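Chain by chain, the residues run as shown.
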Amino acid sequence: MDKSWMHSDRRSKAYEFGVEAFLNFAVENLLTTTHIRCPCVKCVNLNLFGVGIIRDHVYFNGIDQSYKNWTFHGEPWEATTNASRNVEEDDGHSRYSFVSEEIDMDDNDFGDFGSDPYEFANVIGDGDQPVYPGCRKYTKLSALVKLYNLKAKHGMSDVCFTEFLILQGDLLPEGNTIPTSMYEAKKTLCALGLSYEKMHACPNDCILYRKEYEDSTNCPTCGISRWKEGKDSILKEGVPAKVVWYFPPIPRFKRIFQSHETAKSLTWHAARKSIDGQMSHPADSPSWKLLDDKWPEFGNEPRNLRLALSSDGFNPHSSLSSRYSCWPVILVTYNLPPWLCMKRKFMMLTLLISGPKQPRNDIDVYLEPLIDDLKSLGLGLEESCPICGDGTPSHKLKNGHKICYIGHRKWLPINHPYRRQRAAFNGKPEYGIPPEPLTGEEVLHMFENGDRVCWKKKSIFFVPEYWKYLPVRHALDVMHIEKNVCDSIIGTLLEIPGKNKDGIAARLDLLNMGVKTDLQPKYGYSFAFWALEFVKSREERDSRLLGLKSHDCHTLMQQLLPVAIRSVLEKPARYAITRLCFFFNAICAKTIDVSKLDKLEEDVVVTLCLLEKYFPPSFFDIMVHLVVHLVREVRLCGPVYFRWMYPFERYMKVLKGYVQNRTRPEGCIAERYIAEEAVEFCTQHLSDVSTVGVPSSQKMGVSKPLSGCTVSVVDQDLLNQAHLYVLENTEEVLPYIEYV
């Protein structure tokens, strides 16, 4: 059959005759005029319409010129043309051939789709039957995806969702294809999802039973059995004592590249125009550029992935138990633009370490399979302060029995007057210089040669070659630092028991150090000048401020506290605290002016010194000290919102919501994660289906209207009329109209 018309002008007679011949061919072979796949460049054979709508689409959008073998319309399949049946974009390449070029794959690399990289189209095709006879708007798959999206968005339980599906089936006409249970729905979705692996682990976190230990029945380190012990102290053969759930990242990376829009977004960092002196993305940071310079072959390919890893524990049983700790390990991809890379859709769960206890320093054991996979891709925490190392300014308090971290005058200019003051600080002048941060090469050398073995173990992240060259290997979490500093300030100002850094022991430490005579113990109770006026005036000082979450402290610190203390706190303490609040507000900005970082670093050092002048040494725990290093990490890594724990904590709340069976929390999380993963995959290839992982206002290619505007939906005929009117009244088109 002649298909040359597909490359003809859409206004020509050849194109018109070709479209009619194609439609007649489809009707004759498919024996239907209402459920035909549309081959236009937007529908790409994924949507079913009638002949009239397809004719309009092919004229208005153009036909997919890469669709040379009409297999979806009755033409026999030819193995040699399997690269020619999908989407053509503006550059003349099909969507999926572009994907193959993006990641340099051959057919065998698409493991989750078998030998045919386009098998997913057939899988979706099986679910493209109408949701009930005569339905033209929804197919079985699109209806199921929409229903599951409602479940995921609103936290619907499995039982509720099953009853909802049964009700939907009863409401729809006879012969509908709506699943009748959550199990059936999940089975359909998981056929499109990716798998996970369950690895047995030693209950004492010694080893994973993999590689050389795959067939072992006892741990070679501690000797404990691999199998679970029952209540009668009898081992249950075949039932593992502990399991880690592994979600291999490589097939998931491949699936990311199978979406044309997402694949383009992964090279956003190279195509964008950056503003000199401004950092709005990790691609603007020296750490990113260091990898580009040290490994130019890696840096020259913008599709190479730059990853960040985060892990924390959470209690999957909410308030029912406080002794169980489940640890997910999450990967994010920094190649994506800032409005996407920290969204739920692009947070990749790679490991799920089961409880009930947290792995602590033995987490490296569980990271082994992930590190092995990342090594194969070639991609690019023990002193109290991991940055200062030996030079950490610390002092052991005799009465408080704690280590305080005072001595921030080291970071001041050498001629600053604070360096010569004694009584206001620790009773001594300060002539030292700040410690140089240890490089990864120095840390590795010290550990391997035993010169300074102050770390409990060698981190498994030193296995990849590039790790030792990174200027920041373990990022400081601004969220937790800000929360702990806020708790210390509020607890001290309000004299909250358990949070107050002031007290008789702190006053005795001042006496031992011979500093701050106005705060040293005297007969009766004496208030410090930072105590709030209403705290001084009341007889009962046992007050508490409960329920403050991390974001509450974030808002309190940056917005409310400077205003709240203006008229109730004496000026010296008020001035120091307000400066600290303004500092946190500055480093949390989404765009950082590099030229202001030096001044910001000088200001925070002065702020910490002011706090040392007015507050007791017990106030300065390690969290307060780490504030001095935050500007350094902003300078090296970019804005903090790419690294702090807020998005990861929100995602852990999502994972906690997956738990329906309290006896198998990790199994619930794993099964529902891969089901949602399948839903997200389907939304990329089905029209009119929203995604859960990215808010609708932040989807790629979609923008929200300005305030006061409304969005109107018009039918296709009215849109065609408007399009024709614009064409007929545009000067650039007039020569073509006259020619015709």
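These numbers were taken from a predicted model, which means no experiment stands behind them.

Calculation criteria
- Residues numbered from 1 in each chain as written.
- Predicted model: local features only at pLDDT ≥ 70, side-chain atom pairs only at ≥ 80, totals over all residues.
- Heavy atoms only, no water.
- Helix = DSSP H or I, 4+ residues; strand = E, 2+ residues; numbered from the N terminus.
- Buried < 20%, exposed > 50% of the residue type's maximum accessible area, 1.4 Å probe, protein only.
- Phe/Tyr/Trp six-rings, centres within 6.5 Å; stacked < 30°, edge-to-face > 60°.
- Contact = heavy atoms within 4.5 Å.
- Core = buried A, V, L, I, M, F, W, Y, C linked by side-chain atoms within 4.5 Å.
- Axes fitted to C-alpha atoms, helices over the stretch in contact; angles between N-to-C directions.
- Left-handed = near helix turned anticlockwise from the far one by under 90°.
- Nonpolar A, V, L, I, M, F, W, Y, C, P; charged D, E, K, R; others polar.
- Salt bridge = Lys/Arg side-chain N within 4 Å of Asp/Glu carboxyl O.
- Pairing = 2+ DSSP bridges.
- Patch = residues over 30% accessible without salt bridge, like charges linked within 9 Å, V, L, I, M, F, W, Y side chains within 5 Å.
- Areas by Shrake-Rupley, 256 points an atom, 1.4 Å probe, with all protein chains shown as cover.
- pLDDT = per-residue confidence, 0-100.
- Expected span 1.5 Å × (residues − 1).
- Arc of directions from axis to C-beta.
- Lys, Arg positive; Asp, Glu negative; His and termini not counted.
- Charge placed at Lys NZ, Arg CZ, Asp CG, Glu CD.

*Asks:* What's the story with the overall build of the chain in this structure? I'm lost.
*Replies:* From N to C terminus, the chain includes 26 helices and 13 strands. Expressed as a percentage of its 740 residues, the buried residues of the chain come to 49%.

*Asks:* What am I meant to see in the packing of aromatic side chains here?
*Replies:* Both the distance between ring centres and the angle between the ring planes are used here to describe each pair of aromatic rings. Applying the stated rule across the entire model yields 19 aromatic pairs. Between Trp644 and Tyr646, the ring centres sit 4.8 Å apart and the planes meet at 85°, which makes this aromatic pair edge-to-face. Taking the relative accessible area as the measure of exposure, Trp644 reaches 11% and is therefore buried. Residue class for Tyr646 comes out buried when judged on its relative accessible area of 7%.

*Asks:* Whenever I open this one, the environment of Leu548 confuses me. Can you help?
*Replies:* One can find Leu548 in the loop between helix H17 (533-537) and helix H18 (550-564). Distance from Leu548 to Lys483, taken between C-alpha atoms, is 9.1 Å for residues 65 residues apart in sequence. Setting aside its immediate chain neighbours within four residues, Leu548 contacts Lys483, Cys553 and Leu556.

*Asks:* Any chance you could explain the nonpolar core here in plain terms?
*Replies:* The tendency in soluble globular proteins is for nonpolar side chains to be buried as a group. Grouped together as the largest cluster of nonpolar side chains are 134 residues, with contacts concentrated most on Ile577, Phe584 and Ile587. When residues in this core are grouped by element, the largest group, 10 residues, is from helix H20 (residues 597-614). With residues up to four places along the chain from it excluded, the contact list for Ile577 reads Ile489, Leu493, Leu561, Ile565, Leu569, Leu611 and Phe615. One finds Trp5, Cys40, Val58 and Ile63 within the second-largest nonpolar core, a separate group that totals 19 residues.

*Asks:* So what exactly am I meant to see when it comes to the packing of helix H19 (residues 571-587) against H20 here?
*Replies:* Two packed helices can be described by the angle between their axes and the distance between those axes. Where H19 contacts H20, the axes come no closer than 9 Å and their chain directions differ by 150°. Considering only the axes of H19 and H20, their crossing is left-handed. Across from Pro572, Ala573, Tyr575, Ala576, Ile577, Arg579, Leu580, Phe583, Ala586 and Ile587 in H19, the residues of H20 making contact are Leu600, Asp603, Val604, Val606, Thr607, Leu610, Leu611 and Tyr614. In terms of residue class, the contact of H19 with H20 is made up of 15 nonpolar, one polar and two charged.

*Asks:* For this particular structure, what's the right way to read the pattern of salt bridges?
*Replies:* Think of it this way: side chains of opposite charge can pair up when their charged atoms draw near. Using the criterion set out here, one finds 17 salt bridges in the structure. Asp9 is paired through a salt bridge with Arg11; the nearest N and O atoms lie 3.1 Å apart. Exposure remark for Asp9: the relative accessible area of 39% places this residue in the partly exposed category. Using a relative accessible area of 53% as the deciding quantity, one classes Arg11 as exposed. We note a salt bridge from Glu677 to Arg252, for which the minimum N-O separation is 2.7 Å. Here Glu677 and Arg252 have matching classes, each one buried. One salt-bridge network, held together by shared partners, links Arg210, Lys211, Glu368 and Asp372.

*Asks:* Sorry, what's going on with the pairing of strand S5 (residues 235-240) here?
*Replies:* Along a regular strand, successive side chains alternate from one face of the sheet to the other. Where strand S4 (residues 227-229) and S5 come together, three bridges link them in antiparallel fashion. Bridging across to S5, Trp227 finds its partner in Pro240.

*Asks:* Even after reading the chapter, I still don't get the sheet that holds strand S6 (residues 243-246), so can you show me in this structure?
*Replies:* Sheets are built from strands that pair by backbone hydrogen bonding, the pairs being arranged parallel or antiparallel. Taken in spatial order, the five strands of this open sheet run S3-S6-S10-S9-S8, and their pairing is antiparallel. Both outer strands of the open sheet, strand S3 (197-200) and strand S8 (307-311), are each paired with one neighbouring strand and no more. Ignoring which end each strand starts from, the neighbouring axes of this sheet average 20° apart. Against the sheet, helix H8 (residues 249-257) makes contact with S6, S8, strand S9 (327-333) and strand S10 (348-353), and its axis sits at roughly 160° relative to S10, the strand it touches most. Each of S6 and S10 touches helix H24 (residues 665-683); the most contacted strand, S10, lies at about 165° to it.

*Asks:* So what exactly am I meant to see when it comes to a nonpolar patch on the surface here?
*Replies:* A cluster of nonpolar side chains, Val714, Leu718 and Leu719, forms an exposed patch at the surface whose accessible area comes to about 250 Å². Its location among the elements puts Leu718 in helix H25 (residues 716-728). Taking the relative accessible area as the measure of exposure, Leu718 reaches 45% and is therefore partly exposed.

*Asks:* Explanation requested: unusual backbone geometry in the structure shown.
*Replies:* Keep in mind that most residues, glycine aside, have a negative phi and that most peptide bonds are trans. Cis geometry is adopted by the peptide bond preceding Pro356, which originates at Gly355 and carries an omega value of 10°. Here Pro356 shows up in the loop between S10 and helix H13 (363-377). Positive phi, close to 65°, is recorded for Asp205, a residue that is not glycine. Positionally, Asp205 belongs in the loop between S3 and S4.

*Asks:* Sorry, what's going on with the pairing of S6 here?
*Replies:* Alternating residues of S6 divide into Val243 and Trp245 and Val244 and Tyr246, and every residue in both groups is buried. Examined bridge by bridge, S3 and S6 share four bridges and lie antiparallel to one another. Following the sheet pairing, Lys198 is matched in S6 by Trp245. One ladder, built from three bridges, connects S6 with S10; its direction is antiparallel. Pairing of Trp245 across the sheet is with Leu352, part of S10.

*Asks:* Sorry, what's going on with the side chain of Ser550 here?
*Replies:* Here Ser550 is to be found in helix H18. Excluding its chain neighbours within four sequence positions, the residues that come into contact with Ser550 are Met479, Lys483 and Tyr646.

*Asks:* Explanation requested: the confidence of the model for the chain in the structure shown.
*Replies:* Detail in the predicted coordinates should be disregarded across regions flagged by low pLDDT. Residues of the chain with pLDDT of at least 70 account for 82%, and the chain-wide mean is 79. Contacts from residues 78-119, a stretch scored under 50 in pLDDT, to residues over four places away or in other chains number 85 contacts.

*Asks:* What am I meant to see in helix H1 (residues 13-30) here?
*Replies:* One turn of the α-helix equals 3.6 residues, which is why residues spaced by three or four share an orientation. Between its first and last C-alpha atoms H1 spans 26 Å; for 18 residues at 1.5 Å apiece the expected length is 26 Å, and the two agree. Three or more residues of H1 are buried, namely Tyr15, Gly18, Val19, Phe22, Leu23, Phe25 and Ala26. On an axial view of H1, the arc spanned by its buried residues comes to 160°, and they lie on one face. Summarising the geometry of H1, the exposed residues directed more than 90 degrees from the buried face are Lys13, Phe17 and Glu28. As for H1, its buried residues are in contact with strand S1 (36-37) and helix H2 (51-60). Directly beyond the C-terminal end of H1, a positive phi value near 60° is found at Leu31.

*Asks:* How should I be thinking about helix H16 (residues 504-513) in this particular structure?
*Replies:* Buried within H16 are the following residues: Ala506, Arg507, Asp509, Leu510 and Met513. Across the axial projection of H16, the buried residues extend over an arc of 155°, all falling on one side. Where H16 is buried, its residues meet strand S11 (395-396). Backbone geometry just downstream of H16 places Gly514 in the positive-phi region, at approximately 70°.

*Asks:* Help me understand a positive patch on the surface in this model?
*Replies:* A contiguous patch of positive charge, built from Lys198, Lys228, Lys231, Lys236 and Arg664, is present on the exposed surface. The partly exposed category is assigned to Lys228, whose relative accessible area is 39%.

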